[in-house]
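Chain by chain, the residues:
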Amino acid sequence: MNKYLIIILSLFVVSCSNKKSDTKELTTQKIDTLKYSSKGFNSGFYLLLLSNNKFEFVDYVYGCTGGGRNKKVIGKYEIDNTNLTLIPEKVKLRIEPFEFDGEIQNIETNYGADSLKIKTKYDLLSWSNYKYLLSEEFSIIGEEQINDYHRFSKNYNSGYEPKNSGQYLKMVSKEIDTVVKELNLSSLPLKWRDLFLSEPIISQVNRITITTSKRDNELKIWEIEINKGSKDNVQKGMDFIDESADFSVKIDSIGEKNSFGLAYVYDFEDGISIKKGSQLRTKWK
């Protein structure tokens, strides 16, 4: 009898041991995550794509002296080689007051409110060991509607990308590629391809008008006309800079053969010698 009792107890111990092992394996199972992000001064946003087809999108901004907001949107996603679609479900909002004795607000709600919406459709773009998520969805900046392709093309045309980035989602691949290859422009959607320059635009200054700001008498406003226009693929919002990169003109209106833009220079900034005939380019190699 004792012999059989020992066998039964042994089986029970083994069974419990196996259950503990299985439980531990489940609780420590790693969920692989891809992180795309964009970071600014005291602000930014990032997207986590979990291997269980869940996502977390976090958008945050904080004040230098306190206070801020953190918005987290969670849900599911669908992805293939070229497109990503987010399917939001819930929103968690944390608002921290500027006052030290203020009350922190934590709000959780179903996704849907206009003020809490996020971009949900993205194109996947690879460039050397950099990966981007770019959305065609527009946001209003000033009086203009722009999207991620406008932002990305501006940084591409100026040479800011790919080592630096702007307000769009980007991830650096773990695969080390020290040589940055040329971006394959044919991989971009045709409707946005004209925003990207295969070669820098080289222009000359036709005319300069300098006025003083009404709000700041030390600030000079330079109204610049250059000899390149729409026929040369100049786009509104493009920046033209001098060789020293100390002087930059943002184009705000375009003709067929000429364009116009503004630059802002303070009196105490020495070394600015822009005059008629000076050369300005979208990028200096």
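Our structure's up above, just so we're on the same page.
Here we come to unusual backbone geometry. Cis geometry marks the peptide bond from Glu-161 to Pro-162, where omega comes out at 10°. Structurally, Pro-162 is set in the loop between helix H2 (148–158) and strand S11 (169–172). Unlike most non-glycine residues, Ser-128 shows phi in positive territory, near 50°. Assessed through its relative accessible area of 25%, Ser-128 is described here as partly exposed. Even without being a glycine, Ala-245 presents a positive backbone phi close to 65°. Position of Ala-245 among the secondary structure elements: in the loop between strand S14 (239–241) and strand S15 (248–254). Using a relative accessible area of 54% as the deciding quantity, one classes Ala-245 as exposed.

Attention shifts here to H2. Counting buried residues in H2 gives eight out of 11 residues, a clear majority hidden from the surface. Three or more residues of H2 are buried, namely Asp-148, Tyr-149, Arg-151, Phe-152, Ser-153, Asn-155, Tyr-156 and Asn-157. Structurally, H2 contributes buried residues whose contacts are with strand S7 (121–127), strand S8 (130–134), strand S9 (139–141) and strand S10 (144–146). Measuring from the side-chain oxygen of the N-cap residue of H2 to the backbone nitrogen of Tyr-149 gives 2.9 Å; that N-cap residue is Asn-147. Of the residues one or two after H2, Gly-159 is the one with positive phi, at around 90°.

Another point: the environment of Tyr-77. Structurally, Tyr-77 can be placed in strand S4 (residues 68–79). By relative accessible area, which is 10% here, Tyr-77 ends up buried. In this structure the C-alpha to C-alpha distance between Tyr-77 and Asn-52, which are 25 residues apart in sequence, comes to 9.5 Å. Among all residues touching Tyr-77, those that are not within four sequence positions of it are Leu-49, Leu-50, Ser-51, Asn-53, Lys-54, Phe-55, Leu-84, Thr-85 and Leu-86.

It is worth spelling out the pattern of salt bridges at this point. All chains considered together, the criterion is met by 12 salt bridges. Where Arg-69 meets Asp-59, a salt bridge forms, and the shortest distance between an N and an O atom there is 4.0 Å. You can see Arg-69 sitting in strand S4 and its partner Asp-59 sitting in strand S3 (residues 54–62), a full 10 residues away along the chain. According to the relative accessible area criterion, Arg-69 is partly exposed, its value standing at 28%. Among the ionic pairs, Lys-191 bridges to Glu-136, the shortest N-O distance being 3.6 Å.

Conventions adopted
- Residues numbered from 1 in each chain as written.
- Predicted model: local features only at pLDDT ≥ 70, side-chain atom pairs only at ≥ 80, totals over all residues.
- Heavy atoms only, no water.
- Helix = DSSP H or I, 4+ residues; strand = E, 2+ residues; numbered from the N terminus.
- Buried < 20%, exposed > 50% of the residue type's maximum accessible area, 1.4 Å probe, protein only.
- Contact = heavy atoms within 4.5 Å.
- Polar contact = N/O pair within 3.5 Å; in protein donor to acceptor, adjacent residues only side chain to side chain.
- Salt bridge = Lys/Arg side-chain N within 4 Å of Asp/Glu carboxyl O.

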